[in-house]
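Residues per chain, in single letters:
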Amino acid sequence: MAATVRFFAAAQEAVGSDTLTTDAQTLGSLKEQLLAGHPALTGILNRCAVLVDGARVDDAFPLAEAQTIDVLPPFAGG
């Protein structure tokens, strides 16, 4: 089952889209695929909070059951 990856702010600009689907096996392999396919994410992705179905997980986390992965760059507001 493919998961939906949602991008916000600078990550969305770097990818050129607000969503894509992935069949990556782990969060780490997804990050590798994103960097290989979207070089503009270099320097951004490592600063992002990446949530799998709303939770922070490590790169070894399996994505087989994941439905949504959010890539959230740091932002300021007020």
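This one's a predicted model, so the numbers in the text were calculated from it and none came from an experiment.

Rules behind the numbers
Residues numbered from 1 in each chain as written. Predicted model: local features only at pLDDT ≥ 70, side-chain atom pairs only at ≥ 80, totals over all residues. Heavy atoms only, no water. Pairing = 2+ DSSP bridges. Helix = DSSP H or I, 4+ residues; strand = E, 2+ residues; numbered from the N terminus. Salt bridge = Lys/Arg side-chain N within 4 Å of Asp/Glu carboxyl O. Buried < 20%, exposed > 50% of the residue type's maximum accessible area, 1.4 Å probe, protein only.

Focus: the sheet that holds strand E1 (residues 3–7)
Across a sheet, paired strands are connected by hydrogen bonds in the backbone, their directions being either parallel or antiparallel.
(1) Moving on: Read across the sheet, five strands follow the order E2-E1-E5-E3-E4 without closing on themselves; strand pairing throughout is mixed. The outermost strands of the open sheet, each flanked by one partner alone, are strand E2 (19–22) and strand E4 (55–56).
(2) Moving on: Note: E1 against strand E5 (residues 68–72), four bridges, orientation parallel. Within E5, the residue paired with Arg-6 across the bridge is Asp-70.

Focus on the pairing of E5
(1) Moving on: Two elements, strand E3 (residues 49–52) and E5, share four bridges in a ladder whose sense is antiparallel. Among the inter-strand pairings, Leu-51 is bridged to a residue of E5, identified as Asp-70.

Structural notes on the pattern of salt bridges
(1) Moving on: By the definition in use, this model includes two salt bridges.
(2) Moving on: Among the ionic pairs, Arg-6 bridges to Asp-70, the shortest N-O distance being 2.6 Å. Residue Arg-6 is located in strand E1, and its partner Asp-70 is located in strand E5; the two are separated by 64 residues in the primary sequence.
(3) Moving on: Of the residues examined, Arg-6 reaches a relative accessible area of 34% and is grouped as partly exposed.

Concerning the pairing of E3
(1) Moving on: Alternating positions in E3 separate into two faces, Ala-49 and Leu-51 on one and Val-50 and Val-52 on the other, with burial throughout.
(2) Moving on: Note: E3 against E4, two bridges, orientation antiparallel. Residue pairing in the sheet places Leu-51 in a bridge with Arg-56 of E4.

Observations regarding the environment of Ala-60
(1) Moving on: Relative to the helices and strands, Ala-60 is located in the loop between E4 and E5.
(2) Moving on: A relative accessible area of 60% places Ala-60 in the exposed class.

Structural notes on unusual backbone geometry
(1) Moving on: Phi angles above zero are rare outside glycine, and Ala-9 is one such case at about 50 degrees.
(2) Moving on: Its place among the elements puts Ala-9 in helix H1 (residues 9–15).
(3) Moving on: Accessibility expressed as a relative area gives 43% for Ala-9, which makes it partly exposed.
(4) Moving on: Positive phi, normally seen in glycine, also occurs at Asp-53, with a value near 50 degrees.
(5) Moving on: Tracing the chain through its elements places Asp-53 in the loop between E3 and E4.

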